[in-house]
Amino acid sequence: MKPVYLDNNATTMVAPEVVAEMLPFLSEYYGNPSSMHTFGGHVGTKLKEARSAIAGVLGCQPDELIFTSCGSEGDNTAVLSALAAQPDKRHIVTTRVEHPAILSLAKHLEEKDYEVTYLGVDEKGRLSLDELGQAIRKDTAIVSIMYANNETGVIFPLPEIAALCKARGVLLHTDAVQAVGKIAIDLSKLPVDMLVLSGHKLHAPKGVGVLYVRKGTPFRPFLIGGHQERGRRAGTENTAGIIALAKAMTMAKEHMAEENTRVRALRDRLEAGILAAVPHAQINGDTEHRLPNTTSIAFKFVEGEAILLMLDQYGICASSGSACTSGSLEPSHVLRAMGVPFTYAHGSIRFSLSRYTTEADVDLVLEKLPGIIETLRRMSPFREEDAAKPACTC
Ligand SMILES: *Cc1c(COP(=O)(O)O)cnc(C)c1O
């Protein structure tokens, strides 16, 4: 059975055009791009073209790109590089709503005696630029702030954040994994020092990503070995993956405006339909500055995991956001940072759409979800008196 796949912020289907583009580099053209022979050289040429195409989409120079294995690698490398390159600076600024690729790393660095300031967000998931300005210190090695949130879709004002960091002379890294492919990014105008993206979030395969490092930014490699990526990331290149990523990014750029309009309309219809049919439901996050494909909806007095299990019976794939301790009753760190009340945060579901989402997919959710919520509420362990409880902490 083909799933009704509404979990595209977790991962996406590889576009058929992308599969077609990469296949020859898994079968026929398997040479090493660094080899001296023509056979390998052919792959090297294709790799160079892919690098240029991706640089073109992002508005940067080809040699400012370092290919990685995933978003997590890019995020880790960016932060660790900034720390290694500025050993006298031991302070990091980030936010409470980052992906674990940054948050878990930050916690790990705190154990190694680095100091981390975690910026909070308001009830709509918005950041305060004043607070950011106050958090930056003389010994701040790097500011790491995501472009768009994977759970709520809330978009942070990166141009303003970048201008502020530039004025204060502090390095800025952005986890743009959810933004690339959905928001037009022009690095010739956006003054971030490092930016990270991941192929599998934009219809390229898993196992390929990019760390952009602006020319002049101090850099210390994470993987040490061969001379690949100009000595900045050792390891034989994931040639098929990189060629696939170039195709996926070119497609995303070409179709972005038209796809976003269509996807946004589907998302809005899904959201409005759910809110109209289900009482005690609300949207999590700033609906004005939000990715067009994402909605995080809170259903009072139900358990998010229970909703997911029941949706799953109809082949509908959604997500409850990342639980901080699996098996526990704690809601996601993002919703807690926003202060979403206990009884709402527990019953939060994320639907994330893509260019492959259809009207029929949305219709099926609208047909099944209201009954699911009603059934669950009838057997809910939560009661009105719980509503008074503050958002829990863990
Ligand atoms: C998925 C995701 C990541 C991690 O990317 P991987 O390629 O899975 O390592 C990082 N940040 C955000 C915002 C993401 O959505």
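Structure report, in brief.

Section: the site of the ligand
Line of reasoning, step 1. Around the ligand sit 13 residues, and of these S72, D175, Q178, S198 and K201 come closest.
Line of reasoning, step 2. Within the side chain of D175, a nitrogen or oxygen atom sits 2.6 Å from a nitrogen atom of the ligand.
Line of reasoning, step 3. Of the residues forming the shell around the ligand, the biggest block, three residues, is contributed by helix α3 (residues 71-85).
Line of reasoning, step 4. Its residues placed into classes, the shell around the ligand shows three nonpolar, seven polar and three charged.

Points about the side chain of S348
Line of reasoning, step 1. Of note, S348 is situated in strand β12 (residues 348-352).
Line of reasoning, step 2. S348 sits in the buried class, given a relative accessible area of 3%.
Line of reasoning, step 3. Polar contacts involving the side chain of S348 include one to the main-chain carbonyl oxygen of Y344, which spans 3.2 Å.
Line of reasoning, step 4. Contacts of S348, omitting those with residues within four sequence positions, involve N284, I297, A298, G304, S319, S320 and L335.

What to know about unusual backbone geometry
Line of reasoning, step 1. Of note in the backbone geometry, E229 takes a positive phi value of approximately 50 degrees without being a glycine.
Line of reasoning, step 2. Phi is positive for H280, close to 55 degrees, though the residue is something other than glycine.
Line of reasoning, step 3. Judged by its relative accessible area of 46%, H280 falls in the partly exposed class.

Let's talk about the packing of aromatic side chains
Line of reasoning, step 1. Under the criterion given, the structure shown has two aromatic pairs.
Line of reasoning, step 2. Their ring planes at 35 degrees and their centres at 5.5 Å tell us that F25 and Y29 sit as a pair that is tilted.
Line of reasoning, step 3. In this structure Y29 comes out as partly exposed when scored by relative accessible area, which is 26%.
Line of reasoning, step 4. An angle of 70 degrees between the planes, with centres 5.0 Å apart, marks the rings of Y30 and F39 as edge-to-face.

Description of empty space enclosed by the protein
Line of reasoning, step 1. One pass over the structure, following the stated rule, counts five cavities of 30 Å³ or more.
Line of reasoning, step 2. Volume-wise, the largest cavity comes out at about 220 Å³.
Line of reasoning, step 3. Surrounding the largest cavity, 17 residues form its lining, G181, K182, H203, E259 and R355 being those nearest its centre.
Line of reasoning, step 4. In terms of residue class, the lining of the largest cavity is made up of six nonpolar, seven polar and four charged.
Line of reasoning, step 5. A domain split of the lining of the largest cavity shows at least three residues from each of domain 1 (16-254) and domain 2 (256-387).

Some thoughts on the layout of surface pockets
Line of reasoning, step 1. In this structure, the second largest pocket spans a volume of roughly 340 Å³.
Line of reasoning, step 2. When residues in the lining of the second largest pocket are grouped by element, the largest group, five residues, is from helix α2 (residues 38-58).
Line of reasoning, step 3. Of the residues that constitute the lining of the second largest pocket, the class distribution is four nonpolar, five polar and seven charged.

Quick word on the pattern of salt bridges
Line of reasoning, step 1. Scanning the model with the defined rule gives 17 salt bridges in all.
Line of reasoning, step 2. In this structure, D186 and K189 form a salt bridge, with 3.2 Å as the shortest nitrogen-oxygen distance.
Line of reasoning, step 3. Linking R267 and D268 is a salt bridge whose minimum nitrogen-to-oxygen distance equals 2.8 Å.
Line of reasoning, step 4. Using a relative accessible area of 33% as the deciding quantity, one classes D268 as partly exposed.

Considering the sheet that holds strand β8 (residues 209-213)
Line of reasoning, step 1. Taken in spatial order, the seven strands line up as β2-β8-β7-β6-β5-β3-β4 in an open sheet, and their pairing is mixed. Two strands close off the open sheet at either side, each with one partner strand: β2 (65-68) and β4 (115-119). On average, each strand axis in the sheet is tilted by 20 degrees relative to the strand beside it, whichever way the strands run.
Line of reasoning, step 2. Where helix α4 (residues 100-111) meets the sheet, it contacts β3 (91-95), β4, β5 (140-144) and β6 (171-175), and its direction lies at approximately 145 degrees from that of β4.

The rules behind these values
- Residues numbered from 1 in each chain as written.
- Predicted model: local features only at pLDDT ≥ 70, side-chain atom pairs only at ≥ 80, totals over all residues.
- Heavy atoms only, no water.
- Near = heavy atom within 4 Å.
- Polar contact = N/O pair within 3.5 Å; in protein donor to acceptor, adjacent residues only side chain to side chain.
- Helix = DSSP H or I, 4+ residues; strand = E, 2+ residues; numbered from the N terminus.
- Nonpolar A, V, L, I, M, F, W, Y, C, P; charged D, E, K, R; others polar.
- Buried < 20%, exposed > 50% of the residue type's maximum accessible area, 1.4 Å probe, protein only.
- Contact = heavy atoms within 4.5 Å.
- Phe/Tyr/Trp six-rings, centres within 6.5 Å; stacked < 30°, edge-to-face > 60°.
- 1 Å grid on protein atoms, 1.4 Å probe; cavity = no way out; pocket = protein on both sides within 12 Å on 5 of 7 lines; lining within 4 Å.
- Points joined across faces, edges and corners; volume = space filled by probe spheres on them.
- Domains from an automatic or database assignment.
- Salt bridge = Lys/Arg side-chain N within 4 Å of Asp/Glu carboxyl O.
- Pairing = 2+ DSSP bridges.
- Axes fitted to C-alpha atoms, helices over the stretch in contact; angles between N-to-C directions.

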